[in-house]
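Report on the structure
Listed here are the chains, written in short residue letters.
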Amino acid sequence: RVVGNELCIVPTGTTGSSSGTAETPAPPAEEPPVEEPEEPEEVVVDIETDIALNGEYIDMIPEVTCEHITEKYENAIIKDKDGNTVEEGKLGTGYSVTVGEEVFKIVKKGDLTGDGKVSIIDAITLLNGITGKETLENEFKSAACITKVDTLSIMDAITLLNYITGKEKISL
C-alpha cells in the first residue's frame, strides 16, 4: 500500500489508516473449551443376564472373566485356544468351557480376534468381514453380530466403535 509517497507493508487482514499506521487487528476468537472425555463407568457383570448359553456357545459381554464363569457354572473347566487351562482373568472368543459333559465355545461379543480384548483391531476385522475382505465364521461371526441380528451390518461396526470409545455398552 502506498501512503503519501512511501510504500508501506501492511500485514494480511489489516488495513492501513490514512495516517500511515496500521490498525490493530481484532483479537483472535476464543477457542471453545475442550471437553474432557468422561471416565467410562465400570461395568458390573450380572452373571444371570450377561452370560448365556446359546446352542454350542456361551455368549458374554466383554467384561466377563473366568471368575464370572466359574461363579455361574460350578466346576466349569475353561481352556484357551491352545488347550491350556485358564483359571483367572480375561477370556477370549474361541476359548472353551466344559460344564459337566458338555463343551461350549466362548463368544465374547466384540472380540473378533480371540485375544480377550475388544479393540480397534476387532473393529477393522469387523469392517473387513462386512465388506467381504475377510470371512468370519462360527464363534467369531457370532462375536461380530453385536446388534443381535445373525447377519453382519454397519450397525454392528457402529456399536463396536461406540463401545471402544466408551459411548455405548454391549449387552446380550
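Residues numbered from 1 in each chain as written. Predicted model: local features only at pLDDT ≥ 70, side-chain atom pairs only at ≥ 80, totals over all residues. Heavy atoms only, no water.

So, a nonpolar patch on the surface
A cluster of nonpolar residues, Ile120, Ile121, Ile124, Leu161 and Ile164, forms a patch on the protein surface that exposes about 410 Å² of accessible area. For the nonpolar patch, the elements supplying multiple residues, two or more each, are α2 (120–131) and α4 (154–164). By residue number, the principal contributor to the nonpolar patch is α2, which donates 3 residues. Topologically, Ile124 is positioned in helix α2. (Patch = residues over 30% accessible without salt bridge, like charges linked within 9 Å, V, L, I, M, F, W, Y side chains within 5 Å. Areas by Shrake-Rupley, 256 points an atom, 1.4 Å probe, with all protein chains shown as cover. Salt bridge = Lys/Arg side-chain N within 4 Å of Asp/Glu carboxyl O. Helix = DSSP H or I, 4+ residues; strand = E, 2+ residues; numbered from the N terminus.)

Describing the nonpolar core
Grouped together as the largest cluster of nonpolar side chains are 18 residues, with contacts concentrated most on Ile58, Val64, Ile69, Ile78 and Leu91. Among the secondary structure elements, those contributing two or more residues to this core are β4 (57–60), α1 (66–72) and β8 (102–108). (Core = buried A, V, L, I, M, F, W, Y, C linked by side-chain atoms within 4.5 Å. Buried < 20%, exposed > 50% of the residue type's maximum accessible area, 1.4 Å probe, protein only.)

Side note on the environment of Thr131
For Thr131, the location among the structural elements is in helix α2. Between the alpha carbons of Thr131 and Ser153 there is a distance of 9.4 Å; along the sequence they are 22 residues apart.

Side note on the pairing of β4
When a strand is regular, its side chains alternate between the sheet's two faces. Neither face of β4 is open: one carries Tyr57 and Asp59, the other Ile58 and Met60, and all of them are buried. Sheet topology note: the strand β3 (residues 51–54)/β4 ladder contains 4 bridges and is antiparallel. Within the sheet, the bridge partner assigned to Ile51 lies in β4 and is Met60. Between β3 and β4, which pair antiparallel in sequence order, lie 2 residues; one of them, Gly55, sits at a positive phi of approximately 65°. Note: β4 against β8, 4 bridges, orientation parallel. Note on β8: the bridge partner recorded for Asp59 is Val107. (Pairing = 2+ DSSP bridges.)

Examining unusual backbone geometry
You will see that Asn75, though not glycine, has its phi angle at about 65°, which is positive. Of note, Asn75 is situated in the loop between α1 and β5 (77–79). For Asn75, a relative accessible area of 66% translates into the label exposed. Despite not being glycine, Asn138 has its phi angle at roughly 55°, a positive value.

Observations regarding the packing of α2 against α4
Geometry of a packed helix pair, given as the angle between the helix axes and the separation of the axes. Relative orientation of the contacting elements α2 and α4 amounts to 175°, with a least axis distance of 10 Å. One way to sum up the angle between α2 and α4 is to call them roughly antiparallel. Judged by residue contacts, Ile120, Asp122, Ala123, Leu126, Leu127 and Ile130 of α2 engage Ile154, Asp156, Ala157, Leu160, Leu161 and Ile164 from α4. The residue inventory of the contact of α2 with α4, partitioned by class, reads 10 nonpolar, no polar and 2 charged. (Axes fitted to C-alpha atoms, helices over the stretch in contact; angles between N-to-C directions. Parallel < 35°, antiparallel > 145°, perpendicular 65-115°, else oblique. Contact = heavy atoms within 4.5 Å. Nonpolar A, V, L, I, M, F, W, Y, C, P; charged D, E, K, R; others polar.)

Scope: geometric values only; no functional claims are made or implied.
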